[in-house]
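Residue-level structure breakdown
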Amino acid sequence: MPTTQVPHPQDADYEDLLSLWADLESGLAMVLANPRNIPDFESKIRQYDRWMQDLLQQDTDTALYLLFQLATNASVGYSALHALVCAVLCHITAHELHLVDSERDSLVFAAMTMNVGMTQLQDSLAVQTSQPSETQQAQIRTHAATSCEVLADVGITDSDWLDVVATHHSAHDPRSDIQSLGLVPRLAHTLRVVDRYAAMVSPRKSRTGRSVTDSVRSIMASALGAHDPVGFALVRAIGLCPPGTYVRMDSGETAVVLRRSAKANHPLVAMLLNRKGEAFMPPRLHRTATSSPLIQAALTQDAVKVRVNHQSLLRQGIYADRAAR
């Protein structure tokens with residue numbers, strides 16, 4: 001994979017940045033679809049991880065915006081995109097959980113490869129309108145073990161990476177304190193929470209994606225519930241309504257989240273539609289951290305019927321964020 005010069009979001013076109021994420025996704029898709037035909041598979045995964053980190057380091061809010069736009073609009077090539085979304089969310093959550101580099105690496109590499117044993121099946125299920133067949137269900141049930149076997153076959157020797165992949169669907173006793181668990185169960189639980197969240201947000205042919213707040217409520221209501229530090233870390237890191245997601249304001253207006261703010265869950269938004277459903281021309285920037293209206297609920301992508309000039313909004317958001325510092 002050639003090295004990539006990542007332009008600063010302020011200097012790059014929206015389409016250029018979106019293209020960089022799409023290129024990363026397509027490269028990862030090729031590796032995950034043909035793992036046994038990839039020379040030095042581990043090296044390729046590490047290269048894609050570095051590329052992902054470069055994109056995130058330039059501007060995390062812009063990266064999240066682009067990624068959530070991709071995740072909520074695409075169903076073709078679902079498996080690689082889901083792996084990339086999970087890897088990004090695991091990377092960000094790992095920082096929030098204060099994981100050391102080696103732990104972060106095992107977690108993120110596991111996120112990228114947890115479904116390598118059923119890449120084609122996962123892509124098929126994303127565009128399949130019927131429920132999985134019995135044969136497909138059997139593959140789904142065994143995919144964690146299958147993925148672990150594939151990784152071992154292509155030369156992965158990191159035992160934590162392998163064990164997290166093998167156990168990422170194995171729920172632990174919800175009465176236990178997550179902090180008291182060993183490293184692998186903790187990493188596997190982190191991946192499991194992120195995996196479920198990303199799957200709920202992403203649409204498939206058989207269903208629309210859930211709103212991000214519905215997804216958060218669902219993951220917080222399961223496993224360790226309201227006491228789950230991983231769920232809290234995820235929400236702290238990206239917000240209840242991350243950049244790139246659509247929201248309804250308590251004034252009845254519709255907006256898209258542009259950037260997180262120093263005040264948790266009070267992001268900078270761009271007002272797109274008034275309470276009558278008429279488009280603002282141009283959209284109006286609004287800081288929920290300093291004044292009303294506030295966010296009332298998250299919306300799914302298909303609930304918002306308006307053309308958005310993402311490049312213009314992202315650029316305005318970056319300037320507004322810098323002016324506020």
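Structure shown above.
What comes next concerns the included structure. (Residues numbered from 1 in each chain as written. Predicted model: local features only at pLDDT ≥ 70, side-chain atom pairs only at ≥ 80, totals over all residues. Heavy atoms only, no water.)

1. Some thoughts on the overall build of the protein
The number of helices and strands found in the protein is 12 helices and 5 strands. Within the protein, the fraction of its 325 residues that count as buried is 52%. Relative to all contacts within the protein whose residues are 6 or more apart in sequence, the contacts with residues 24 or more apart total 66%. (Helix = DSSP H or I, 4+ residues; strand = E, 2+ residues; numbered from the N terminus. Buried < 20%, exposed > 50% of the residue type's maximum accessible area, 1.4 Å probe, protein only. Contact = heavy atoms within 4.5 Å.)

2. Remarks on the layout of surface pockets
In this model, the second largest pocket occupies a volume close to 280 Å³. For the lining of the second largest pocket, the secondary structure elements donating two or more residues are helix 2 (41-58), helix 4 (78-96) and helix 5 (101-113). With 5 residues, the top contributor of residues to the lining of the second largest pocket is helix 4. Broken down by class, the residue content of the lining of the second largest pocket amounts to 5 nonpolar, 5 polar and 4 charged. (1 Å grid on protein atoms, 1.4 Å probe; cavity = no way out; pocket = protein on both sides within 12 Å on 5 of 7 lines; lining within 4 Å. Points joined across faces, edges and corners; volume = space filled by probe spheres on them. Nonpolar A, V, L, I, M, F, W, Y, C, P; charged D, E, K, R; others polar.)

3. Let's talk about the packing of helix 4 against helix 5
Their axes nearest at 7 Å, the elements helix 4 and helix 5 cross at an angle of 165°. With respect to helix 5, the element helix 4 is oriented roughly antiparallel. As for the relative orientation of helix 4 and helix 5, their crossing is right-handed in sense. Residues Ala83, Cys86, Ala87, Cys90, His91 and Ala94 of helix 4 form the contact with helix 5, whose participating residues are Arg104, Leu107, Val108, Ala111 and Met112. Tallied by class, the residues present in the contact of helix 4 with helix 5 amount to 9 nonpolar, 1 polar and 1 charged. (Axes fitted to C-alpha atoms, helices over the stretch in contact; angles between N-to-C directions. Parallel < 35°, antiparallel > 145°, perpendicular 65-115°, else oblique. Left-handed = near helix turned anticlockwise from the far one by under 90°.)

4. Details of the packing of aromatic side chains
For any pair of aromatic rings, the description rests on two quantities: the centre-to-centre distance and the angle between the ring planes. Within this structure, the stated rule accounts for 2 aromatic pairs. Geometrically, the ring pair formed by Phe109 and Trp161 is tilted, given 5.0 Å between the ring centres and 50° between the ring planes. Here Phe109, found in helix 5, pairs with Trp161, found in helix 8 (residues 159-167); they are 52 residues apart in sequence, far enough to count as distant. The pair Phe109 / Trp161 is uniform in exposure class, with both members buried. (Phe/Tyr/Trp six-rings, centres within 6.5 Å; stacked < 30°, edge-to-face > 60°.)

5. A short note on unusual backbone geometry
Omega for the bond connecting Met281 with Pro282 falls within 30 degrees of zero, at -5°, which places this linkage in the cis form. Following the sequence through the fold, Pro282 ends up in strand 4 (residues 279-287). We note that Asp40 has phi near 55°; this positive angle belongs to a residue other than glycine. Its location among the elements puts Asp40 in the loop between helix 1 (14-33) and helix 2. A positive phi angle, near 60°, is found at His98, a position not held by glycine. Structurally, His98 is set in the loop between helix 4 and helix 5. The class of His98 is exposed, set by a relative accessible area of 70%.

6. Quick word on the pattern of salt bridges
In this structure the tally under the stated criterion is 10 salt bridges. Where Asp61 meets Arg259, a salt bridge forms, and the shortest distance between an N and an O atom there is 3.7 Å. Here Arg259 lies in strand 2 (residues 254-259) and Asp61 lies in helix 3 (residues 60-73), a separation of 198 residues in the sequence. Of the two residues, Asp61 and Arg259, both sit in the buried class. Residues Arg284 and Glu253 are paired through a salt bridge, measuring 3.3 Å at the closest nitrogen-oxygen approach. Of this pair, Arg284 sits in strand 4 while Glu253 sits in the loop between strand 1 (246-249) and strand 2; the two residues are 31 residues apart in sequence, bridging distant segments of the chain. (Salt bridge = Lys/Arg side-chain N within 4 Å of Asp/Glu carboxyl O.)

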